[in-house]
Amino acid sequence: MKGEAPVNPRLSLVLGGARSGKSAFAESLLLSSPPPWIYVATAEALDAEMAERVAKHRARRDARWRTIEAPHQLAVALAEVPQNAPLLVDCLSFWLSNRLLVGADLNAEIEVIVDALASRKEALTVAVSSEVGLATVPENALARAFRDATGDLHQAVARVAGSVTLTIAGCPLKVKGW
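Residues numbered from 1 in each chain as written. Predicted model: local features only at pLDDT ≥ 70, side-chain atom pairs only at ≥ 80, totals over all residues. Heavy atoms only, no water.

Asker: Quick question: what am I supposed to make of the packing of helix α4 (residues 92-101) against helix α6 (residues 141-160) here?
Answerer: Packed helix pairs are specified by the crossing angle of their axes together with the interaxial distance, meaning the distance between the axes. Running from amino to carboxyl end, α4 crosses α6 at an angle of 135°, the nearest separation of the two axes being 10 Å. The pairing of α4 with α6 is recorded here as oblique in orientation. Along this stretch, α4 crosses α6, giving a crossing that reads as right-handed. Facing Leu 92, Ser 93, Trp 95, Leu 96, Ser 97, Leu 100 and Leu 101 of α4, the residues of α6 in contact are Leu 142, Ala 145, Phe 146, Ala 149, Thr 150, Leu 153 and Val 157. Along the lines of polarity and charge, the residues of the contact of α4 with α6 split into 11 nonpolar, 3 polar and no charged. (Axes fitted to C-alpha atoms, helices over the stretch in contact; angles between N-to-C directions. Helix = DSSP H or I, 4+ residues; strand = E, 2+ residues; numbered from the N terminus. Parallel < 35°, antiparallel > 145°, perpendicular 65-115°, else oblique. Left-handed = near helix turned anticlockwise from the far one by under 90°. Contact = heavy atoms within 4.5 Å. Nonpolar A, V, L, I, M, F, W, Y, C, P; charged D, E, K, R; others polar.)

Asker: Hey, could you run me through the sheet that holds strand β2 (residues 37-41) in this one?
Answerer: Backbone-to-backbone hydrogen bonds join strands into a sheet, with any given pair of strands oriented parallel or antiparallel. One open sheet holds the 7 strands; their spatial order is β3-β2-β4-β5-β1-β6-β7, and the pairing between them is mixed. Sheet topology places β3 (65-69) and β7 (171-176) at the edges, where each strand pairs with a single neighbour. Strand-to-strand twist across the sheet, computed as the mean angle between neighbouring axes with direction ignored, equals 20°. Where β2 meets β3, 5 bridges bridge the pair, whose relative direction is parallel. Across the sheet, residue Ile 38 finds its bridge partner in β3, namely Arg 66. Contacting β1 (8-16), β2, β3, β4 (87-90), β5 (125-130), β6 (161-168) and β7, helix α1 (residues 22-30) crosses the sheet at an angle of about 175° to β5. Packed onto the sheet, α4 meets β1, β4 and β5 and runs at close to 60° relative to β5. (Pairing = 2+ DSSP bridges.)

Asker: Explanation requested: the environment of Leu 96 in the structure shown.
Answerer: Inspection of the secondary structure puts Leu 96 in helix α4. Spatially, the C-alpha atoms of Leu 96 and Ala 123 are 24 Å apart, while their sequence positions differ by 27 residues. In this structure Leu 96 touches Leu 106, Ile 110, Phe 146, Ala 149, Thr 150 and Leu 153, once residues within four positions along its chain are discounted.

Asker: Quick question: what am I supposed to make of the pattern of salt bridges here?
Answerer: Opposite charge on two side chains allows them to pair when their charged atoms are near. By the definition in use, this model includes 7 salt bridges. One salt bridge in this structure joins Glu 27 and Arg 60, with 2.9 Å as the shortest N-O distance. Taken together, the residues span a long stretch of sequence, with Glu 27 in helix α1 and Arg 60 in helix α2 (residues 48-60) at a distance of 33 residues. Using a relative accessible area of 7% as the deciding quantity, one classes Glu 27 as buried. Residue Arg 60 is classed as partly exposed on the basis of its relative accessible area of 41%. (Salt bridge = Lys/Arg side-chain N within 4 Å of Asp/Glu carboxyl O. Buried < 20%, exposed > 50% of the residue type's maximum accessible area, 1.4 Å probe, protein only.)

Asker: I tried to follow the state of the cysteines on my own but got confused; where do I start?
Answerer: Cysteine pairs can be linked by a disulfide, which is a covalent bond between their two sulfur atoms. Per the counting criterion, the structure on display carries 0 disulfides. Cysteine Cys 91 remains unbridged, with the sulfur of Cys 171 as its closest cysteine sulfur at 20 Å. The exposure class of Cys 91 is buried, given its relative accessible area of 2%. (Disulfide = S-S within 2.5 Å.)

Asker: Any chance you could explain unusual backbone geometry here in plain terms?
Answerer: When glycine is set aside, most residues are seen to have a negative phi, and most peptide bonds are trans. The step from Pro 35 to Pro 36 runs through a cis peptide bond, and the omega angle for that step is 5°. Asp 90 connects to Cys 91 through a cis peptide bond whose omega is 15°. Tracing the backbone through its elements, the reader meets Cys 91 in the loop between β4 and α4. For Arg 19, which is not glycine, the phi dihedral falls at a positive 60°. One can find Arg 19 in the loop between β1 and α1. When its relative accessible area of 74% is taken as the criterion, Arg 19 is described as exposed. In this structure, Ala 169 takes a positive phi of about 55° despite not being glycine. Assessed through its relative accessible area of 69%, Ala 169 is described here as exposed.

In structure tokens form, the structure reads like this:
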């Protein structure tokens, strides 16, 4: 990001609110590429309810998908995935929340992630993230910091993505690109 990476036509950012259909839409984008597809999951199942959510996501994917769990080490996971492998990162906002809660330098880590995503030019790469900037101003500092960092992350990824889609009620709306 230092010199601002050029737009990567093979990178798509899919945004949406909770239960908007963003993950299912993102998964459908990869189906046009030959498998195996790589799914980098960033959520941590820290309780039974979250474990059930993760299980539902996994149930949608068949044996053609390979899952890599990277709740904190997203840059490492991105570096390990072959450049010619179709890749889905789900989701950037979960990763950002994980990093925020351990006191990471978010600005530096966002820069690394954006550069890693922008550099994946051989195969389709789709990044999913929750749009959190459409609500009221949060009442506590931690929530405001998350909202602000998420907005910064989305803007940075959108600048280098060839495509940006916003999903609302299961309907994908093209914001940028193909």
